[in-house]
Amino acid sequence: DSKAGLVILYTNDFRDRDDVTRAGVAIKRRLGTGVELRYKCDVFTRNERYATAGAGGKTCCYTMRSGSLSLEVDETVYAEAVAYVAEAVRATSTNAVAVVGGDSRSSAHE
């Protein structure tokens, strides 16, 4: 009898693989190594990216398979998550420069 469920766990920075591994091992020691853990970066949720049946989009950059305490990395999904974060930082930095620069005009008013 298999029961599926969802456990939400946050780490400080998904790029810190040692911390993600530590958290995954701690969960597996508590729940049992027979469970599979998948790590979805919050940046995908914030960008409304979901892995739904038939959609074909992957959102989990890390997996700890049943019976294992080793972290597997999907480098493609990981790189996409890092790119989302980099873009968010660029956008935030650009907005901050515009405000700090004192130019209160927006393109909608020109």
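A quick note: this is a predicted structure, and the numbers were derived from the prediction, not measured.

### Considerations on the packing of aromatic side chains
Think of a pair of aromatic rings as described by two things: how far the centres are apart, and how the planes are tilted against each other in angle.
Inference 1: Within this structure, the stated rule accounts for four aromatic pairs.
Inference 2: Ring centres 5.4 Å apart and planes at 70° place the aromatic pair tyrosine 39 and tyrosine 62 in the edge-to-face group. In this pair, tyrosine 39 sits in strand β1 (residues 37-40) while tyrosine 62 sits in strand β2 (residues 60-64), placing the two residues 23 residues apart along the sequence.
Inference 3: Its relative accessible area of 14% is what places tyrosine 39 among the buried residues.
Inference 4: Both rings, one in tyrosine 62 and one in tyrosine 78, keep their centres 6.2 Å apart while their planes meet at 50°; by these two values the pair is tilted. Separated by 16 residues along the polypeptide, tyrosine 62 in strand β2 and tyrosine 78 in helix α3 (residues 75-100) bring together distant segments of the chain.

### Focus on the layout of surface pockets
Inference 1: For the largest pocket, the calculated volume is near 1400 Å³.
Inference 2: What lines the largest pocket is a set of 45 residues, and nearest its centre among them are Val7, Leu9, Arg38, Tyr39 and Lys40.
Inference 3: Every element with two or more residues in the lining of the largest pocket is listed here: α1 (17-31), β1, α2 (42-46), β2 and α3.
Inference 4: Top element by residues in the lining of the largest pocket is α1. It accounts for five residues.
Inference 5: Within the lining of the largest pocket, the residues separate by chemical class into 24 nonpolar, 11 polar and 10 charged.

### Some thoughts on the environment of leucine 37
Inference 1: Structurally, leucine 37 can be placed in strand β1.
Inference 2: On the accessibility criterion, leucine 37 (19% relative accessible area) is buried.
Inference 3: Once the C-alpha coordinates of leucine 37 and valine 25 are considered, the two residues, 12 residues apart in sequence, prove to be 9.8 Å apart.
Inference 4: Discounting chain neighbours no more than four positions away, the residues touching leucine 37 are Gly24, Ile27, Lys28, Tyr62, Thr63 and Met64.

What counts and how
- The residue numbers shown here count from 1 along each chain, following its written sequence.
- In keeping with the model being predicted, local features are shown solely for residues with a pLDDT of at least 70 and side-chain atom pairs are shown and tallied solely at 80 or more, while totals for entire chains, interfaces and linings include all residues.
- Side-chain numbers come from the whole structure's heavy atoms, not from hydrogens or water.
- Here is the rule: rings of Phe, Tyr and Trp (six-membered ring for Trp) pair when centre to centre is within 6.5 Å. Planes less than 30 degrees apart are stacked, more than 60 are edge-to-face, and the remainder are tilted.
- Starting at the N terminus, helices and strands are each numbered in turn, a helix being any DSSP run of H or I of at least four residues and a strand any DSSP run of E of at least two.
- Using a 1.4 Å probe on the protein chains alone, a residue whose accessible area is under 20% of its type maximum counts as buried, one over 50% counts as exposed, and one in between counts as partly exposed.
- Cavities and pockets were defined on a 1 Å grid built over protein atoms only: a cavity is a set of grid points that admits a 1.4 Å probe from which the probe cannot escape, a pocket is an open set flanked by protein on both sides within 12 Å along at least five of seven lines, and lining residues are those with an atom within 4 Å of any such point.
- Grid points are joined across faces, edges and corners, and a volume is the space filled by probe spheres set on the points.
- Only Asp, Glu, Lys and Arg are considered charged, only Ala, Val, Leu, Ile, Met, Phe, Trp, Tyr, Cys and Pro nonpolar, and every remaining residue, Gly among them, polar.
- Residue contacts follow a heavy-atom distance rule, with two residues in contact if any of their heavy atoms lie within 4.5 Å.

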